[in-house]
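Per-entry structural report
Single-letter residue listing:
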Amino acid sequence: MSFRNRNSGKALLPFGLDYSDVLSTDFGTEKPQLVLPVNGPLTENEELAAKQSISFAKLMADGPFYTGKVSDVAGNGQKVQEQKSNTAPDGIQRYSDKYKKVKKIGRTIEEHPYQLEMFPEELYSVMGITNKQKKKLLSLSTYKSNGGLTEYNVLNGNDDDKANSMLEKLKSMAEELDDNNENKDEEAEDLEEDVDDEFDEDDDDDYNAEKYFDDGDDDGMDAGGDDEAAF
Amino acid sequence: MDGEIPEASKTQSPKSYLYTSITRTHLGEVASLIVSCLMSYGQLTAHDIGHRAKIPVKKVKSALVSLIQLNCVFYWRDDSSKQVFYSFNEAGILVFLHSGDIISHIKSSYGEDCAEIIQNILMNGHIRVEDYINNIEDEEQKLEKQTLFFRLFTDRWLVRLQPFNYHPIDDIWNKLYQETLKNTPRTSTTSEVKRVAEAREKTKAKFTDLMESGQSAKDLYNTQDGIKRLNPNLVITFNLSRFQKHLRTTALVSLAKSRVGILSSRIYESALRLVEAASPDLKHPFLQISGLINDPEEARFFINSLENKLVDEKKIVFNVRDLGRLLPADLDLRNSILTHNFLKPNSINNNKSKKRAVPALSDDEEDRPPAKKIKSEPGEEDDSLSRNGNGPEDMDDGDHHLANGNGYISSLTDNSDSHSVSLIQHHLKLLSSGSGTQFLIEITPGTFTVPFASLLKQLKKYNFETLVKTTLGVHSFRVLRCLKSLKIGDEKTISNSVLLKEKTVRNELYKLVKANFLEIQEVPRSADRAASKTFYLFRHKEESSYDFLNNSLIFSMGEILTNIQNFREDHKILLEKCEREDVKGHEEELLLEFELKTLKALQNRQVNNSARFNRIKTLFEIYSL
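In this text, all values refer to a predicted model and were calculated from it rather than measured experimentally.

Definitions and cut-offs
Residues numbered from 1 in each chain as written. Chains lettered and ligands numbered in written order. Predicted model: local features only at pLDDT ≥ 70, side-chain atom pairs only at ≥ 80, totals over all residues. Heavy atoms only, no water. Helix = DSSP H or I, 4+ residues; strand = E, 2+ residues; numbered from the N terminus. Contact = heavy atoms within 4.5 Å. Areas by Shrake-Rupley, 256 points an atom, 1.4 Å probe, with all protein chains shown as cover. Core = buried A, V, L, I, M, F, W, Y, C linked by side-chain atoms within 4.5 Å. Buried < 20%, exposed > 50% of the residue type's maximum accessible area, 1.4 Å probe, protein only. Pairing = 2+ DSSP bridges. Phe/Tyr/Trp six-rings, centres within 6.5 Å; stacked < 30°, edge-to-face > 60°. Patch = residues over 30% accessible without salt bridge, like charges linked within 9 Å, V, L, I, M, F, W, Y side chains within 5 Å. Salt bridge = Lys/Arg side-chain N within 4 Å of Asp/Glu carboxyl O. Axes fitted to C-alpha atoms, helices over the stretch in contact; angles between N-to-C directions. Parallel < 35°, antiparallel > 145°, perpendicular 65-115°, else oblique. Left-handed = near helix turned anticlockwise from the far one by under 90°. Lys, Arg positive; Asp, Glu negative; His and termini not counted. Charge placed at Lys NZ, Arg CZ, Asp CG, Glu CD. Buried area = accessible area lost by both parts, 1.4 Å probe. Polar contact = N/O pair within 3.5 Å; in protein donor to acceptor, adjacent residues only side chain to side chain. pLDDT = per-residue confidence, 0-100.

**With respect to the overall build of chain A**
Along the backbone of chain A there are 4 helices and 0 strands. Ordered by position from the N terminus, the helices and strands of chain A form the series α-α-α-α. Sequence separation of 24 or more characterises 22% of the internal contacts of chain A that already satisfy a separation of 6 or more. As presented, chain A carries roughly 20500 Å² of accessible surface, and 51% of it is formed by carbon and sulfur atoms.

So, in structure tokens, the structure goes:
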């Protein structure tokens, strides 16, 4: 390198620089590189234009073509749960939700007069237009030989069978009657006593301790004096 | 408020950052994600968009409907695969960007009713005239609205929308070109090159016919009860290119104001307004089709030919008298131009024979010396010169300017009328030849035209140089100018030309290089390219500097929008409280004092930031012209 001869023993300088350039750098106080312009106050026209653009942005955000947030949309093709759009993103329903404005996303052709010639056909479905080429089908029925009436399978077998079936019928009727009687008894007892359900008298009175306890109330009702001690 | 846009939208390009930020504030997160995808990938089907943006296809389609309605997306149905491909259309987003300016300009030029119509059209993207009119119940108001529609349409603020406006221009061209090529058979007499050139010319004609179809008076207007009205079945949208012409006018007027003077710039503004509607479009479709016009020389020639055609058809040509009628009433041009009658008022008083009733080009005027035109300081009332009390009685009435064979305006300047033709003529002369920039060209005496193509170049150049001068310093400006004239130079040559020390020149060069305005050319002198034996030359390329400046401005605009979003996010709870239906309209009753103060401060901050956004946007508009 040519400059080695010039500065033997001292620091090697990059090509073209002088000592004064290197030594004069002051890292303490760095002067600003660029003088940036200072913004003056707004003129009336500027203020009006700014206000118009802010209100226009608001109109668009509240308008019919607002597309909404990505977080309202489920990814991975899961079925999107119809959540109320005024619930906060954290999922907690609050009292103030009822005062929040509901933003409806997307408009069908009933809600906005779309000019269909400007749109491709594949988007017609989201605009609420059904496939025009879909043929309207008539509701057709098939021919049935017996007119399709219900067939009742009535049994025309032996007398024994008849008797058996009669017997079964009578048995079931008897059971029903018994059940009804028992229900009536139980209801009567329920009205007299103030009893918990758990302690309802069972049909099986074997384990009812009170049955074996005779407290003498009934002794006076016996006709005939028998002076034997009663248990 | 909506959430953040993905990092990729911010980093892939400054335009992507700005456009996705705007889409998010106006149309929501889903739309901005789709826009970001389309900007990255170009053309995608709806399924692809859903897959890449991780959004269900139904949601994508629903958002695409909104984007198409608002002219933000093109679509193209491929004949072979029967799939529909979507691509990004920046026109819709640019309308959102300029929405505030558009509405306030229409309001100041046409009134509040027209501004309301434009606002509704911007909100809905495109509408059918009938649908809009049917919203109004009162018959009289209906007629009024129809008149306003007609007025806006004839002034080209509204334009007819047709289905092919939604197809990307490249695809339309390719389709037409392939068809034409197929129909042009190969013959033994013509070469392939000739055949291709012939097919290209035919396609250009077909393309022009397609673009101009549906614009005949029969399609657009119908006459009912003797009143010409807009066809109610027309689908119309806002004409962004018309607004861009207005932006061009504003920029040119500001240039004239700084180069010539305030009064002349006001006259220039009126002149530009006369020709604005018919002026050449900023972007001709042929220049947007990739591969059609590749050579920059060819592009320049094409643009000039378009302009010449308009001049020949007298569409961007205006007369002084027409201009006089259009000048604003508050503009008083009296005493704004010094001519010989100011210097020698006595000689005028003696010349009674000058009183004439008929303006005419007359041979009697040839003996009069040509008028010396000295322009006074713009806008200043010079009392010493306003001693023209003797002027009006002796002056000719009205518009009596008479030109001699040399083209000088040799008659007396009429100072009686604030809008006298002679005064206007003087100002127009100043604009055409009074400064280094030719703002007007006088094609015949009294008729002028505006050289838009050359003016745009000057506009960008002067704005750029002023930026460098005010931001990087006067020395940097000198070095830049020097390099422009030298084309390429090293430090020593520059230092000798600008008369600055080499060290200063080196510092300034460093600043310019850091700001990406200069390129460095290495010229090695040894085989191993050693740095000590290398010459470093510097060069300035205009196009790349302007592009870099544009990108920096776009990024700043995106940052401002993010800033607004952030400080609104800080006060999210309070803002949501104000959005509640029970609070809206009753803020003063229901909110606390300090909350109201905070809201006011927030609103002021947002307005200030939006105004600064618009200021940067003004510079961005110049470099996107």
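**With respect to the nonpolar core**
Counting residues in hydrophobic clusters, the biggest one holds 155 residues, and the most contacted among them are Y86, F149, Y268 and L428 of chain B. Broken down by element, the residue count for this core peaks at 9 residues, all from helix 27 (residues 542-570) of chain B.

**A closer look at the pairing of strand 11 (residues 441-444) of chain B**
Residue and element names in this part refer to chain B. As paired strands, strand 11 and strand 12 (residues 447-449) are joined by 3 bridges and run antiparallel to one another. Looking at the pairing, E442 lines up with F448 of strand 12. In sequence, strand 11 turns back onto strand 12 through a hairpin of 2 residues, with G446 there showing a positive phi of about 95°.

**Structural notes on the packing of aromatic side chains**
Residues and elements named next belong to chain B. Under the defined criterion, the tally for this structure stands at 20 aromatic pairs over all chains. Consider the rings of F153 and Y221, whose centres lie 6.0 Å apart with planes at 90°: the pair is edge-to-face. With F153 in helix 10 (residues 139-154) and Y221 in strand 5 (residues 221-224), the pair connects residues that are 68 residues apart, well separated along the chain. This pair shows no difference in class: F153 is buried, exactly as Y221 is. Measuring from ring centre to ring centre gives 6.0 Å for F318 and F448, while their planes differ by 25°; the resulting arrangement is stacked.

**Observations regarding a nonpolar patch on the surface**
Taken together, the side chains of L167, L170 and M173 of chain A make up a nonpolar region of the molecular surface, amounting to roughly 310 Å² of accessible area. If you trace the backbone, L170 of chain A turns up in helix 4 (residues 159-192).

**Quick look at the environment of I117 of chain B**
Residue and element names in this part refer to chain B. The residue I117 is located in helix 8 (residues 112-124) in this model. Relative accessible area serves as the criterion here: at 0%, I117 is assigned to the buried category. Counting along the chain gives 374 residues from I117 to E491, while the straight-line C-alpha distance between them is 59 Å. I117 has contacts with Y132, K145, L148, F149 and L152, leaving out every residue within four places of it along the chain.

**Here's the deal with the packing of helix 24 (residues 474-486) of chain B against helix 25 (residues 491-498) of chain B**
Residue and element names in this part refer to chain B. Put simply, helix 24 and helix 25 touch, their axes get as near as 10 Å, and they point 110° apart. The angle between helix 24 and helix 25 places the two elements in the roughly perpendicular class. The crossing of helix 24 and helix 25 is right-handed. Packed against helix 24, whose contacting residues are R478, V479, C482, L483 and L486, the element helix 25 presents T493, I494, S497 and V498 at the interface.

**Structural notes on the sheet that holds strand 4 (residues 158-160) of chain B**
Residues and elements named next belong to chain B. If you trace the 3 strands from one edge of the open sheet to the other, you get 3-7-4, paired in antiparallel fashion. Each edge of the open sheet is held by one strand with a lone partner, namely strand 3 (126-128) and strand 4. Taking each pair of neighbouring strands and ignoring which way they run, the sheet shows an average axis angle of 35°. As paired elements, strand 3 and strand 7 (residues 235-238) share 3 bridges and run antiparallel to each other. Residue pairing across strands places I127 opposite I236, the latter belonging to strand 7. Packing of helix 8 onto the sheet brings it into contact with strand 3, strand 4 and strand 7, and relative to strand 7 it is tilted by some 100°. Contacts from helix 10 reach strand 3, strand 4 and strand 7, with the element oriented near 85° to strand 4.

**What about a negative patch on the surface?**
All names here are of chain B. Together, E112, D113, E137, D138, E140 and E144 line one region of the surface with negative charge. When residues of the negative patch are traced back to their parent elements, those giving at least two are helix 8 and helix 10. With respect to the helices and strands, E140 occurs in helix 10.

**Quick word on the pattern of salt bridges**
Side chains that differ in charge, positive against negative, can pair when their charged atoms come close. Counted by the stated rule, this structure contains 33 salt bridges over all chains. Among the salt bridges present, the one from D62 of chain A reaches K101 of chain A, with a minimum N-O distance of 3.7 Å. Of this pair, D62 of chain A sits in the loop between helix 3 (44-61) and helix 4 while K101 of chain A sits in the loop between helix 3 and helix 4, and the two are 39 residues apart along the sequence. According to the relative accessible area criterion, D62 of chain A is partly exposed, its value standing at 37%. Across the pair E508 of chain B and K511 of chain B runs a salt bridge, and its minimum N-O distance is 3.5 Å. Separated by 3 residues within a single helix, E508 of chain B and K511 of chain B lie in helix 26 (residues 502-514), roughly one turn from each other. Given the relative accessible area of 24%, K511 of chain B is considered partly exposed.

**Notes on the interface of chain A and chain B**
With 51 residues of chain A in contact, the opposing surface of chain B contributes 65 residues. A combined buried area of about 5500 Å² lies between chain A and chain B, and 62% of that area is made up of carbon and sulfur atoms. Here chain A is connected to chain B by 3 salt bridges. Among the salt bridges present, the one from R615 of chain B reaches E46 of chain A, with a minimum N-O distance of 2.9 Å. For the interface between chain A and chain B, the tally reads 15 residue pairs in polar contact (both at pLDDT 80 or more). Looking at the side of chain A that touches chain B, the elements with two or more residues in it are helix 2 (19-23) and helix 3 of chain A. For the side of chain A that touches chain B, the leading source of residues is helix 3 of chain A, giving 14 residues.

**A few points about unusual backbone geometry**
Residue and element names in this part refer to chain B. You will see that K82, though not glycine, has its phi angle at about 60°, which is positive. Relative to the elements of secondary structure, K82 occurs in the loop between strand 1 (73-77) and strand 2 (84-88). Its identity as a non-glycine residue notwithstanding, R529 has a phi of 55°, on the positive side. Within the secondary structure, R529 is located in the loop between strand 14 (519-524) and strand 15 (534-539). Given a relative accessible area of 54%, R529 falls into the exposed group.

**Description of the confidence of the model for chain A**
Low pLDDT marks regions whose predicted coordinates should not be analysed in detail. Residues and elements named next belong to chain A. Chain-level statistics for chain A give a pLDDT mean of 71 and a share of 54% at 70 or above. Across chain A, helix 3 holds the top mean pLDDT of 92, while helix 1 (residues 3-6) sits lowest at 50. Confidence over residues 75-84 falls short of pLDDT 50; this stretch has 4 contacts with residues more than four positions distant or in other chains.

**Observations regarding the sheet that holds strand 13 (residues 488-489) of chain B**
All names here are of chain B. Pairing is antiparallel in the open sheet, where 3 strands are placed in the order 13-15-14. Two strands bound the open sheet, and with one partner strand each, they are strand 13 and strand 14. Relative to strand 15, strand 13 runs antiparallel, the two sharing 2 bridges. Across the sheet, the residue bridging to G489 is F538, located in strand 15.

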